[in-house]
Amino acid sequence: MASLATDASRQRAHSSAASISISSGSSDGYFDSDDELDYIRKQQQKEWEEGMEQLQVLVSAVLIPVLGKWFGRRWSGWLYDRYLRVGLGKTFFFGEYLAAFIKVPASKLS
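None of these values were measured; they are calculated from a predicted model. (Residues numbered from 1 in each chain as written. Predicted model: local features only at pLDDT ≥ 70, side-chain atom pairs only at ≥ 80, totals over all residues. Heavy atoms only, no water.)

## What to know about the overall build of the protein chain
Reasoning step 1: Tallying secondary structure elements over the protein chain gives four helices and zero strands in all.
Reasoning step 2: Secondary structure elements of the protein chain occur, N-terminal to C-terminal, as α-α-α-α.
Reasoning step 3: Taken across its 110 residues, the protein chain has 5% of its residues classed as buried.
Reasoning step 4: Of the roughly 10,000 Å² of accessible surface on the protein chain, 62% is carried by carbon and sulfur atoms. (Helix = DSSP H or I, 4+ residues; strand = E, 2+ residues; numbered from the N terminus. Buried < 20%, exposed > 50% of the residue type's maximum accessible area, 1.4 Å probe, protein only. Areas by Shrake-Rupley, 256 points an atom, 1.4 Å probe, with all protein chains shown as cover.)

Written out as structure tokens, the structure reads:
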């Protein structure tokens, strides 16, 4: 029973404090002046920039190396399979279609 009485008194105190702060504020009911609003906007902008900086560090320190490692392993596997299939010649570097059109200069043949 005592806890119900203390809860009710807390709610009344909270609601009266809220009504005082709203009624004593400016026309929007939350801020006393434009200085406070500017300060809050600057703080929000600062927090946003810090968050973006942290995200940029995360991407550059974690995501890019992990993706580079993954793509590098896939690329090396593809190159090794191609080497086993066609060997290390014109076809390896230029493909089957272009290798047929590439002429080797006579100076390279001798």
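We are not done yet, so read on.
## Examining the packing of aromatic side chains
Reasoning step 1: As enumerated under the stated definition, the model contains three aromatic pairs in all.
Reasoning step 2: When the centroid spacing of 4.8 Å and the interplanar angle of 65° are considered together, the rings of Trp-70 and Phe-71 count as edge-to-face.
Reasoning step 3: With relative accessibility at 45%, the residue Trp-70 sits in the partly exposed group. (Phe/Tyr/Trp six-rings, centres within 6.5 Å; stacked < 30°, edge-to-face > 60°.)

## Remarks on helix H2 (residues 34-86)
Reasoning step 1: The end-to-end C-alpha distance of H2, which contains 53 residues, comes to 73 Å, matching closely the 78 Å that a straight helix rising 1.5 Å per residue would cover.
Reasoning step 2: The largest bend in H2 amounts to roughly 35° and is located at Val-59.
Reasoning step 3: Two residues or fewer after H2 comes Gly-87, characterised by a positive phi angle close to 85°. (Expected span 1.5 Å × (residues − 1). Bend = angle between axes of the 7 residues up to and from the residue.)

## As for a nonpolar patch on the surface
Reasoning step 1: Taken together, the side chains of Trp-48, Met-52, Leu-55, Leu-58, Val-59, Val-62, Leu-63, Ile-64, Val-66, Leu-67, Trp-70 and Phe-71 define a hydrophobic patch exposed on the protein surface, amounting to about 1,200 Å² of accessible area.
Reasoning step 2: Residue Leu-55 is classed as partly exposed on the basis of its relative accessible area of 44%. (Patch = residues over 30% accessible without salt bridge, like charges linked within 9 Å, V, L, I, M, F, W, Y side chains within 5 Å. Salt bridge = Lys/Arg side-chain N within 4 Å of Asp/Glu carboxyl O.)

## Observations regarding the side chain of Arg-82
Reasoning step 1: For Arg-82, the position within the fold is in helix H2.
Reasoning step 2: Discounting chain neighbours no more than four positions away, the residues touching Arg-82 are Gly-87, Thr-91, Phe-92, Gly-95 and Glu-96. (Contact = heavy atoms within 4.5 Å.)

## A few points about a negative patch on the surface
Reasoning step 1: Residues Asp-34, Asp-35, Glu-36 and Asp-38 make up a contiguous surface patch of negative charge.
Reasoning step 2: Looking at the secondary structure, you find Asp-38 in helix H2.
Reasoning step 3: Overall, Asp-38 belongs to the partly exposed group, its relative accessible area being 37%. (Lys, Arg positive; Asp, Glu negative; His and termini not counted. Charge placed at Lys NZ, Arg CZ, Asp CG, Glu CD.)

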